[in-house]
There are 2 protein chains.
Amino acid sequence: MAHALDPLLKPRSIAIIGASDTASRIGGRPLHFTKEQGYKGKIYPVNAKRETVQGLPAYPSIKDVPEAVDSAVISVPASIAVDVIRDCAECGVKSAVIFTSGFAEMGEDAAQAEISAIAEESGMRMIGPNCLGVFNISHGWYGTFANAPSMIKVANGTAGIISQSGAYGSHLFLAAQSRGIGANYWVTTGNEADVDVAEVIEYYAQAPDVDVILAYAEGMKDADGICRALEMARDAKKPVVFMKVGTTDAGARAAASHTASLAGADAVYEALFRQYGVYRAETTEELADVAYACQFGRFPSGNKISLQTISGGVGVQMADASVKRGLDVVPLPDPVQKKLKKMIPYAGVNNPVDFTAQALNDPDLMDKNVSLTIDEADYDSHVIYMASVPASPFTHDVCLKIFGGLQEKYPKEVLVMSMQAPEDLVRTYEAMGYPCFDDPSLAVRATAALTRFGEIYRRGRPDAPPPLPNGALPAPTAAVAEHEAKKILGSAGMPMTKEGLAANAEDAVAIWTDIGGPVVMKIASPDIPHKTEIGGVLLNIDDAASVADGYTTLIERANDAAPDARIDGVIVAEMVSGGVETVLGVVSDPVFGPAVMFGLGGVFVEVLKDVTFRLAPFGIDEARRMIDEIQGRAMLDGVRGAPSSDLGALAEALSRLSVFAAENADTIETIDVNPFIALPTGAVAVDALIVPKTET
Amino acid sequence: MAHALDPLLKPRSIAIIGASDTASRIGGRPLHFTKEQGYKGKIYPVNAKRETVQGLPAYPSIKDVPEAVDSAVISVPASIAVDVIRDCAECGVKSAVIFTSGFAEMGEDAAQAEISAIAEESGMRMIGPNCLGVFNISHGWYGTFANAPSMIKVANGTAGIISQSGAYGSHLFLAAQSRGIGANYWVTTGNEADVDVAEVIEYYAQAPDVDVILAYAEGMKDADGICRALEMARDAKKPVVFMKVGTTDAGARAAASHTASLAGADAVYEALFRQYGVYRAETTEELADVAYACQFGRFPSGNKISLQTISGGVGVQMADASVKRGLDVVPLPDPVQKKLKKMIPYAGVNNPVDFTAQALNDPDLMDKNVSLTIDEADYDSHVIYMASVPASPFTHDVCLKIFGGLQEKYPKEVLVMSMQAPEDLVRTYEAMGYPCFDDPSLAVRATAALTRFGEIYRRGRPDAPPPLPNGALPAPTAAVAEHEAKKILGSAGMPMTKEGLAANAEDAVAIWTDIGGPVVMKIASPDIPHKTEIGGVLLNIDDAASVADGYTTLIERANDAAPDARIDGVIVAEMVSGGVETVLGVVSDPVFGPAVMFGLGGVFVEVLKDVTFRLAPFGIDEARRMIDEIQGRAMLDGVRGAPSSDLGALAEALSRLSVFAAENADTIETIDVNPFIALPTGAVAVDALIVPKTET
């Protein structure tokens, strides 16, 4: 079935409005490139001042073009752009690529809103304004004035590039080219009056000729769109490698001044990427390197890596890099080590396998070496370091023979090559199926990325979030006290301390009796969120007289400190001892809605900011992954002889909180469940705060 | 003055023992390369079976060579190598490059010890055995069988490469070549029977034709040598960029199986590198990239970075990368922003300065832009992102003019270029003085490295360690109890809790009276290191009766739990409250001797392993840098309204501990001062343990 963006990305006919006879000018380039590169469809240059443009008959206006083209490039001044766009829509043009700048990026929001409205009313799809356009190499279509198409070296690939920024899009294309990535599609979305980065990712996720997606964005405005797109890409097992900038204050400041885009808090983007298995690259070099490896379409089925090297020192480096990136450099089984030792007595045979340069004297050995490791040990990936040996005139041919044979013999194994060789030889090894890396540590980095994608694809769709329990209370629309917040969260399935609200001292004693052990007493008031600051909490009380006294003391303190506060009474709650303090929370992102936070209490949150986020709602498996991500994770396994925590209960609580947050997205501003105590069996919230959105 | 390694690295005459007539053979390559590359000295091939070798008259043995050559390459089988080496020494050969393998790397330690002894007795300097040799490009000297010399593209540089591993040395040379680094010297040390990595670094530190040092090692055996070498390099302001592998268990396992080298614990190497301002690279790509930037010899005088870009999106990336690497993306002063805005109304002018592609229409603007930023704002470095603009035929010439002019106008500014351009154009910009980077984030990484070197060079030599106080006690040679350990460390100038050792209950009460506040009571025994486990600690005791009872209780508990333990009595110590718990420690490294550790108490050490090390002894400034390195650093500034800690007292204690450890290096195995409490004013050790070395 045709996709809505087909007219934009595979147009059967095009018009170029503002076409220039000079190939080097902005309005001349699309025509020049498209003509040169064998575009098969019909091309209509639009230029009122000329009979012909670059040898083709010109039309005075889009209205004079004899057919409703699939795509029109609009390269006209801002003053007339809106009229031209409207003309296109009226003529039934199916899509437009708008180079023109001078819209939202310069504060001209009204003009941009106007063209968004045209898109919506007419159904004409639109890319830009203020963009560098699109191209599709295999289609011969270059709706762009970027220079990049004049520098294509690697064509016929299955990568798709999508970049909000045109300049960065060009940069990324060239970086991808240098790295040997065949990027067929290239789209820059600019101000995103209609089509955005998310929709293009969705297109790539469905396009049969795209296998890997390289993406860049500064901010996103359509949460559902990007989630849907990333989910489709994940389901289609198409790796998305993403550069999302603005992670620091200085970065965010620059992002705000750059495009008319809402940069969400970075933690939320981090959550999004983790949730949908996106690889977030920190540099363009990393983005290109990882996407390059993904092109080969083989993903390890586990994290056990075998390292084969002609240099012991490089073996050590690769081992370091593997461990750092979570790969398991498991030693070869003893019997295999013995066999290897027999073949190459001086080899290191543990893993890394250091077959030493001597193996070159008897090249069959290298073949046997690798074959043995594949056949008799259980590794998921293999990185082979060959230095410049495959490029040396003495060993060039024999290496080609060995490695050609190996890849043929093991077409499904993930075999990654690290070697120093000229570009043409690298292309030869790539054609044989080997991703090739100059730097052995970066070969390992890419293998780790492939391994992660493999894990994500094996895992498939995450668990469904649990249903909200019957009778769950809604989130409050005005401030509520702790005991109310707990009642609400408890109704949503989160475990809460056993407690009661006492209206007088006798009540308090009765609740204490009922609990049957030491209690905590806390003032209950929606107007006193920070109870400890006014002495509003009493710990470890365990006799009737003290409970009764405690009631009176707390009421007095509250009256003294906050005479106008509404006092609901005093909470009498079981005293929880032991366990590990954690913090669960919810924040509401203006674009993505509620995101759930997890961290450990105390210095972990306060000093180390050791927290992780996910977009709500999510299931228990995703919650388990959150728990595993934090730096202080070992605390939950029990430190210094402490018992390990009930991770299942913790994960369920996170998941249930996410469901509650998602159901009440419109009313919740933030939730703090702090502390939430993870016990050896079960878990329990000791305090909770729900802050509703202020009405606007 | 001549250096001891001159005969090895700048020989005036050479012999090649085992010279082959076939240029491609191991014994043929040194002769072939050296002859080809214009070596000016005399060459004597040694080969008993031929009249001539590669056209030169051959000599049957080194004894027949008519002069005592500066350097002899030894390319003979292991069976005769020792005899040949001895012959060389007897003939007065000044240095030898020993290719031959089959020594310590194969467990033949005796044979290797024999050649070490020859070196020592004769004074003949020796590189190898089991090495790939050396070369010096400008000298035309190739005492190597590596392939690398046949692939030299960038010559006449001022970089020196030193690698323990020959294979990795070749890899590094090629990686450096690809990155545009002119490495003139190249040395691989192999088994290091005589010359080691440290001595070559020392040579480079003194060599007038070396400015940057690229180093690789798996382990080191001469602590003084490497410290001296790195100190000389730092004093000479020659950056050392180091790859030291074996950081993880898997890595260390591979290192142990690779060379006959003692791999010290990685924490100690990390300490060494931090202490001497070495840049430790994680990948070869990073090593080459940073060394490349250092070649230009300009180091920022502070960490304020200005970012100039033709792409807003890339500006954000560079800002992110800057902040992540500790650079300060300080905004431009308001008046400068106003002037820029006047010149380019649509530019982002905060920092990053986004002069947009429009600046290309009026190239003078770009010049003015950068000039204004340099003249009127106070930045220490500038990274300029130009995408592929300098390579485009339309803008090639104008860019050359602008950037040529800028560098001429500001010859001392650190101007770093990020652009995508072909190699020859990159060489042109390099010749103009610009370090060039494809990737803008990596341009920032390199600028951060230059900034760090700048800081280290400005700082100069670190403070001298404080003297050991008069009357400082020596470290014990047998186990001592806590109170003894404290007395010893106190005598060395570390602040200790006020306390006394009570021999009976009355003593205990007297000490409590003297202290004048709540006390801690602890059993004192050299045989009970873990006192809490036997109930040997009582906290917060503050009346005479409890103190007296406490004494009896502790003695009873000790007698019950450890009937054979020697009991010195009971420690009565002031109870320290408040402050931040830290941990100070000493470990003894077999190569580097005592190293001092610093960390925060509790989860920071137990869960996060958040500690840092320095080799003892060191001064107070180095101790301050240790404190600033830990992740939990903010704890010492006061969290949640707590007062900030006395960093001066903490640093002094670390420094004094290091002096004590260095003075007693032979007797100390480990020291734990845990907890050491950092107070708002002062600091104090609450517990201390000194473990002496067991006699061997």
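Please read all numbers here as calculations on a predicted model, not as lab measurements.

About the criteria used
- Residues numbered from 1 in each chain as written.
- Chains lettered and ligands numbered in written order.
- Predicted model: local features only at pLDDT ≥ 70, side-chain atom pairs only at ≥ 80, totals over all residues.
- Heavy atoms only, no water.
- Helix = DSSP H or I, 4+ residues; strand = E, 2+ residues; numbered from the N terminus.
- Contact = heavy atoms within 4.5 Å.
- Lys, Arg positive; Asp, Glu negative; His and termini not counted.
- Charge placed at Lys NZ, Arg CZ, Asp CG, Glu CD.
- Phe/Tyr/Trp six-rings, centres within 6.5 Å; stacked < 30°, edge-to-face > 60°.
- Buried < 20%, exposed > 50% of the residue type's maximum accessible area, 1.4 Å probe, protein only.
- Least-squares fit on C-alpha atoms with pLDDT ≥ 70 in both.
- Buried area = accessible area lost by both parts, 1.4 Å probe.
- Salt bridge = Lys/Arg side-chain N within 4 Å of Asp/Glu carboxyl O.
- Polar contact = N/O pair within 3.5 Å; in protein donor to acceptor, adjacent residues only side chain to side chain.

Draft legend 1. Representation of the overall build of chain A. Scanning chain A for helices and strands turns up 22 helices and 30 strands. Each of the three principal axes of chain A carries a C-alpha extent, and together these read 100 × 80 × 40 Å. Counting only contacts in chain A whose residues sit at least 6 apart along the sequence, the fraction spanning at least 24 positions is 71%. Counting 57 positive and 89 negative side-chain charges, chain A places the centres of these two groups 8 Å from one another.

Draft legend 2. Local environment of the packing of aromatic side chains. Taken as a whole and judged by the stated rule, the model has 40 aromatic pairs over all chains. A ring pair is formed by F135(A) and F173(A), whose centres lie 5.1 Å apart and whose planes are at 85°; its orientation type is edge-to-face. With F135(A) in strand β8 (residues 133-136) and F173(A) in helix α5 (residues 166-178), this pair connects stretches of sequence that are 38 residues apart. Classification of F135(A) by relative accessible area gives buried; the value is 0%. Here F173(A) falls in the buried class, since its relative accessible area comes to 0%. When the centroid spacing of 5.4 Å and the interplanar angle of 75° are considered together, the rings of Y292(B) and F296(B) count as edge-to-face. This pair shows no difference in class: Y292(B) is buried, exactly as F296(B) is.

Draft legend 3. Inspection of the relation of the copies chain A and chain B at higher detail. Rotating chain A by 180° about the axis while translating it 0.0 Å along that axis superimposes it on chain B, leaving an RMSD of 0.1 Å. The relationship between the two copies is best expressed as a two-fold rotation axis. If distances are taken from each C-alpha of chain A to the rotation axis, the shortest is found for V603(A), at 4.2 Å. When the interface residues of chain A are mapped onto chain B, 100% of them again lie at the interface, so the same face is used by both copies.

Draft legend 4. Broad picture of unusual backbone geometry. With an omega of -5°, the peptide bond between A616(A) and P617(A) qualifies as cis. Along the polypeptide, P617(A) turns up in the loop between β27 (611-615) and α21 (620-629). Across the junction of N674(B) and P675(B), the peptide omega takes the value 0°, indicating a cis bond. As for its placement among the helices and strands, P675(B) is situated in strand β28 (residues 668-678). The phi angle at K237(A) is positive, at roughly 55°, despite the residue not being glycine. Judged by relative accessible area, K237(A) falls into the partly exposed class, the value being 48%. Located in the positive-phi region is A387(A), a residue other than glycine, with phi close to 50°. Within the secondary structure, A387(A) is located in strand β18 (residues 381-387).

Draft legend 5. The arrangement of the interface of chain A and chain B in detail. Every contact between the two is made by 68 residues of chain A and, on the other side, 68 residues of chain B. Counting the surface lost from both chain A and chain B, the interface buries some 5,200 Å², and carbon and sulfur atoms represent 62% of this. Viewed at the interface, chain B and chain A are joined by two salt bridges. Here K324(B) ties to E282(A) by a salt bridge, and the two come within 2.3 Å at their closest N and O atoms. Between chain A and chain B we count 12 residue pairs in polar contact (both at pLDDT 80 or more) in total. For the side of chain A that touches chain B, the elements supplying multiple residues, two or more each, are α5, α8 (249-258), α10 (284-294), α11 (312-324), α16 (440-459) and α20 (603-606) of chain A. Per-element accounting of the side of chain A that touches chain B gives the leading share, nine residues, to α11(A).

Read these as layout, nothing more, since geometry by itself doesn't imply function.
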